[in-house]
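Tertiary structure, described
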Amino acid sequence: MRYQGREVDIEGRVRLVMESALTARDRVGVQDFVLLENYNSEAAFIENLRRRFRENLIYTYIGSVLVSVNPYKELEIYSKQQMERYRGVSFYEISPHIYALSDNTYRAMRTERKDQCILISGESGAGKTEASKKILLYYAVTCPTNDHMAILGDRLLQSNPVLEAFGNAKTLRNDNSSRFGKYMDVQFDFRGTPVGGHILNYLLEKSRVVHQNHGERNFHIFYQLLDGGDDDLLITLDLERNPQNYRYLVKGNCPRVSSISDKNNWKVVMKALPVIGFTEEEVQKLLNIIASVLHLGNTQFGEGEEGDTYITTETQTSNLAKLLGVDGSALREALTHKKLTAKGEEMISPLNYEQAVSARDALAKAVYGRTFTWLVEKINQSLALKVHSKDSSVIGLLDIYGFEVLQQNSFEQFCINYCNEKLQQLFIELTLRSEQEEYETEGIAWETVQYFDNKIICDLIEEKHKGIISILDEECLRPGETCDVSFLEKLEDTVGSHPHFITHKLANGKTRRVVSREEFRLLHYAGEVNYNVNGFLDKNNDLLNRNLKEVMCQSDNQILSHCFRREEVIDQKRPEMAATQFKNSLMKLMEILMSKEPSYVRCIKPNDAKQPGRFDEVLVRHQVKYLGLMENLRVRRAGFAYRRRFEAFLQRYKPLCPETWPNWHGRLVDGVSTLVNHLGYKAEEYKLGRSKIFIRFPKTLFTTEDALELISCFSELCYTNFGMFSLAEYKIFLGVNVCTCVFRCVVIVIQSGWRGMKARRRAKRRRQAAELIRRFIKGFIYRHEEYCPENEYFLDHVRYSFLKNLRQNLPKSVLDKSWPTPPPSLVEASEHLRRLHMRNMVIKYCRRVQPEWKKQVLFSSRLQINLKVIQTLGSDKVQYGVSVIKYDRRGFKPRPRQLLLTNTFAVLVDRTKIKQRIDYAALRGISVGSLSDGMFVLHMPTEDNKQKGDAVLHCSHVIEVVTKLAMMANKTSYVNINPGSIRFTVARGKEGIIDFIRGSELKVAKGKRGHLLVVSQRLF
Ligand SMILES: Nc1ncnc2c1ncn2[C@@H]1O[C@H](COP(=O)(O)OP(=O)(O)OP(=O)(O)O)[C@@H](O)[C@H]1O
Ligand SMILES: [Mg+2]
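The following refers to the structure shown. In this numbering scheme, every chain counts its residues from 1 along its sequence in written order. Chain letters and ligand numbers both follow the written order, the letters beginning at A and the numbers at 1. pLDDT decides what is reported in this predicted model: residues at 70 or higher carry local features, side-chain atom pairs at 80 or more are listed and counted, and totals for whole chains, interfaces and linings draw on all residues regardless. Hydrogen atoms and water are omitted, and side-chain values are computed over all heavy atoms in the structure.

**Details of the site of ligand 1**
We call a residue near a molecule or strand as soon as one heavy atom of that residue lies within 4 Å of the molecule or strand. Around ligand 1 sit 18 residues in total, of which Ser124, Lys128, Thr129, Ser177 and Ser178 are the nearest. In the environment of ligand 1, an oxygen atom lies 2.9 Å from a nitrogen or oxygen atom belonging to the backbone of Gly127. Polar contact is defined as a pair of N or O atoms within 3.5 Å, subject to the rule that within protein one atom must be able to donate a hydrogen and the other to accept it, and that residues adjacent in sequence are counted only when both atoms are side-chain atoms. Within the side chain of Thr129, an N or O atom sits 2.7 Å from an oxygen atom of ligand 1. Residue burial considers only the protein chains on display, and all accessible areas are found by Shrake-Rupley using a 1.4 Å probe. When ligand 1 is considered free in solution it has 630 Å² of accessible area, and contact with the protein chains removes 86% of it. By the criteria applied, helices consist of DSSP H or I runs no shorter than four residues and strands consist of E runs no shorter than two, each listed in order from the N terminus. Of all the secondary-structure elements, those providing two or more residues to the shell around ligand 1 are helix H6 (128-142) and strand S7 (177-178). For the shell around ligand 1, the class distribution of residues is 4 nonpolar, 9 polar and 5 charged. Ten residue types, Ala, Val, Leu, Ile, Met, Phe, Trp, Tyr, Cys and Pro, are classed as nonpolar, four, Asp, Glu, Lys and Arg, as charged, and the remainder, Gly among them, as polar.

**Overview of a negative patch on the surface**
Patch definition: residues with relative accessible area over 30% and no salt bridge; like charges joined within 9 Å; nonpolar side chains (Val, Leu, Ile, Met, Phe, Trp, Tyr) joined within 5 Å. Salt bridge, as used here: a side-chain nitrogen of Lys or Arg that lies within 4 Å of a carboxyl oxygen of Asp or Glu. Positive charges come from Lys and Arg, negative ones from Asp and Glu, while His and the chain ends are left out of the count. In plain terms, the charge of a residue is placed at NZ if it is Lys, CZ if Arg, CG if Asp and CD if Glu. A cluster of like negative charges, contributed by Glu303, Glu305, Glu306, Asp308 and Glu354, occupies part of the molecular surface. Position of Glu305 relative to the elements: it lies in the loop between strand S10 (301-303) and strand S11 (309-311). Only protein chains enter the area calculation, which uses a 1.4 Å probe; residues under 20% of their type maximum are buried, those over 50% are exposed, and those in between are partly exposed. Taking relative accessible area as the criterion, Glu305 reaches 86% and is therefore assigned exposed.

**Side note on the environment of Leu901**
Within the fold, Leu901 resides in strand S23 (residues 894-901). Remark: the alpha-carbon pair of Leu901 and Leu965, spanning 64 residues in sequence, is separated by 7.3 Å. Setting aside chain neighbours within four positions, we find Leu901 in contact with Lys877, Val878, Gln879, Tyr880, Ala906, Tyr920, Lys964, Leu965 and Met968. We call two residues in contact whenever any of their non-hydrogen atoms come within 4.5 Å of each other.

**Structural notes on the sheet that holds strand S29 (residues 975-977)**
Sheet architecture is open: 8 strands sit in the order S25-S24-S23-S22-S28-S27-S26-S29, paired in mixed fashion. With one partner strand each, in any of the chains shown, strand S25 (913-919) and S29 form the two edges of the open sheet. Taking each pair of neighbouring strands and ignoring which way they run, the sheet shows an average axis angle of 30 degrees. Strand pairing is defined by DSSP finding a minimum of two bridges between the two strands. With 4 bridges connecting them, strand S27 (residues 935-939) and strand S28 (residues 951-954) associate as antiparallel partners. Interaxial angles span 0 to 180 degrees and are taken between N-to-C directions of axes, which are lines fitted to C-alpha atoms, for helices over the stretch in contact.

In short, the description is geometric, and any link to function would need to be established separately.
Pasting the structure below:
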C-alpha cells in the first residue's frame, strides 16, 4: 500500500493536484484565497500575495476569480508545453494560471453550451492587455482549426498591434497603456473552432491627441509613422521625420521611449493591416488622416484688430486641406468662424483666438476619435462570422480600465470608476446568483450573505433626472450662463443629501480639508475619490462646430466621409452627450455580460517603477482595496470555503478511514458521510449536498490534509522499512486513533529506521571500496593504453599522486636541481611546472637583493686595484672585480685575493702581483655547492703545466661572481651545482674534495679525511 500525492493521467502527464499544493502552503501561501484562515484580514491577503510573488507564482484564485500580479519580467510559464499542461485539466487540479482560466471557460462554453465572458480589470500597467493577449493566444494555439479558421486566428492576433498603435500610448504608468476600453467577442462553432470575432470599444481618451502630460506621449501611431515611414511616404504626406516639429507631439516632451521601437512596430502594423483586410488605398487614406492631425496641430492663428482671428500658417492649411480631402478656403473659414442659427436664420460669426484654438483641437480630436471607431468597424468586418450557425457560442474578453484614483480626477476618471461600479454590481449579482443556484441544485438551504450592495452608488450616478449624469447633461443643455461651478452647485442642490456624495460645502471640518471647493467626492464601494469639476461640461459637450462638420462631410477621403455623415448636420437634434453615450454603451455592455457566464481576472501592479521582483506593499494594498478584492473574497467565503464532488473527496481522503479504504462500495454520499464521521467533523463544519461536500472553514480541510500527509509519510516509512504490510494491519492501524497509533509506531519506526540507515551506509561504503579497487586494478593493466574508461581512474590517480608528491617536494633553492620523476602522461606538464617554479624562485631571489648588494656589483666601489696590476694588464680592461679567499689546494690555508675579470681571461691577484691567469677558453668548469657557503671552484685543464690545479675560492657574492664569470666566458652551461661535495684537481691528476654539511654557522676548515669541510646554512 502506498499513497502517492500525484495523479498520472493517461498520457503520462503528471498533474499536481490542487490538494497536494495545500501541503506547500507554508512556503508559498494558499493558491486560493478562500482557503485563507483569516479571510477578513487585508494583511493576511497581501502576505499571501507577497509570498507567492516572491516564488514567481503570480497567479492566485479567489474561487473562480484569478488574481494576477504583474511580474514585469518574462516568465517561462507561457510556452506551448504549458498550454498542453492546462488543456482539458479541471480548474482546481492544477496550479492557478491564466491558461487554466482560459481552458476552463472554453470547456464550460462547450459542455454547457453557454456563452462565457472573461472580465479583466486592474489599474494602468497591471497587465490587463497582456492577460487578454495570452488568452487569445491560448485559443489560437489549442482550439481545433482548419485552413479557413487559421486565417481568422491570424486576423484576431494581428488586430492587436493595429489597435495598440492607434489606441495605446506611453503614459507615466505604462509604456504601452491602452487608452480605450475593449470588449472582444470570439465566436466558436459547435466543434469549438474559432469562427469569428467582434470588438466593442469604449471611451477613447481623445484629449491625448491635443495634449499630453509631462513624460507622456500621443498615440503610438504618430511616432511610428515618423520613425518608420520611408522618405517617399513622408514627402507625400508633407511630413518631417523629427517629432519635435509637431506641436501635438511635444507637449509631454518625450518623443522617444527606450522600451519601444517605433520603427519595428511600424513594420508590424504595416504587415498586419493587409492581413486584416485593408486595401492599399485604405491604408493611404488612413495615413493621410494621421498626417492631417499633425498638420492641424501646427496650424496657428493670429488675432485681428477687431478681435477676429486669421490663420498664420497658410501653406500648412493648404496641405492640411489636401490631406483631409476638403476645400481649403472652406476649411480656413470653418476654423475661424462659427455658424449659428437664430430664429431659423443662419449667421456666421468670427471666432476669437481661444475659440479658434479650441475649434481646431476639437476637430483634431473628432477626426482621430472617429477614425479610431472606423478602424474598429473595419477590423470587425474582417473578423465577422462568415457562416452563421445556430450552434455557435461566444467567449467575450473585457480589457477595461480598473478603478482609477489619480492626484487630480476628472471627467474620464468619473466615467471609468462608474464603469467599475457597474462591473462590481454585475460581479455581486452573478456570483451570488451562481452561489445560490449551486446551493439550490445541491439542496442546501441558502444562508444570507453579508456584503455591501453598491446599487446605491450606481443609482446616484445614472438615475434618470436625478443622477449625476442627468444633472451634467441638463447643465450642458440649459440656456443661460453655465459653467463647471454651476454644475457643482446643481449637484449640491440635487444629490447633496446622498450618503455617498460630499462636497467642500457639505463636508464636516475634517473632510472639508481634503475636498477642495472645485471638487465633489464620491464614496465608491472601493473607497473615496475626489473629482475636480473643471472641464466636465466641455468634455461632456464634446462639441464640434457645425461648419467644421459640414466641411468634413464634403471630404473626398472615404474614411472621413464615412465618419462625418451628412445626416448629422441636417439633423437638428443634438447628439447625445458624452457621459450619456458612455452610460448607454455601458448598459449595453452589462446586458451582453449578464447573458454570459463570467470569469474574472484581477490584475495587480506590484510597483510603480516597472521593476521585476519589487513588491510595494502600500501600492498593492491600495489596489486590493480599489479592485474590491476583499469584498470579492467576503462574497466567495460567505458560505463555504471549499466544495468538492463526492467522488473526488472520497478518492483523496479514503486512506484516512478503515471503512472507506481501499474501496467504498456503497453510495458515494454514505462513503463521504462515513469518512467525515470517522474524522470527527462537527455538524457546523460541513454540509452534504446532492453531489458535493461543502466545507465551511479552511481549518477543517487543512487538518484533514495534515492527517493525510502524516499517514502517507508513515505508510511510506513502513513500506520502505518493513515491506508491504497487510490490508488487515493497515486497517488495524487506521482503526486506532490516528494520533495514538502514530505515536506508538513512530518510536519503533525511528529505531528501526536508524538501524537500517546505518547498515545501509556501511554496505554502501563497502560497495564503493570494492568498486574502487576493481577500477584501480583494471586501470593498472591498461595504464599504457590511450586514456579510456578502463584506465581513466588509474591515470587520474597517478597524475594526482604525482602532483601531490611534487607539492611536498618542490626544490627550495635556485641551486637545488632535484625534481620528482613525472609519469609519462605528465612529462610535458612537469617540465612546464619545473621552469615556472625555477623562474618563480629566481624572481623571489631577485626581490630579496638589497640595495647595498646591488651597489657592490660596481666593483670600483668595493675594490681598490693596485695601479701596477692595471699597468700589467695593459689594454685588457678589468670589467669586474671582487675580493675572494683562495684556499691552498693542499693545506687549505685561506689567502685573500682579488679576482679580476677582463674580456678574455680572469686573474687572481695578490696585492700587486698577478698570481694566476685563467683563460676563459681553457676554463673546464665552475662548481658550486648548494648551500649558502660562497665556495666555488674553477676547474683548469690538467694538461696545462702552467696551472697548478683548480682554484678553490670563496666569495660572499658567489652567485653574482659565478654568473658574471660564466657569462663573460660564455660558459653558462659549464656551471655545476654539487649538493654533497665537489671534487677538484690538485696537480697532475691528484684530487681534492670539498664536503658540504648543513649547519647554522659558516665554517671552512680542513676535515678529518683531508677534505675541505664547509658547514653552512641552506641558500634560502
Ligand atoms: N504576465 C506578464 N508577464 C510579463 N510581463 C508582463 C505581464 N503582464 C504585464 N507585463 C508587463 O507590464 C506591462 C504593462 O502591461 P499591460 O499593458 O497589459 O497593462 P494594462 O493593465 O493593459 O495597462 P493599461 O490600463 O495602461 O492599458 C507590459 O508591457 C509588460 O511589460
Ligand atoms: Mg492595456
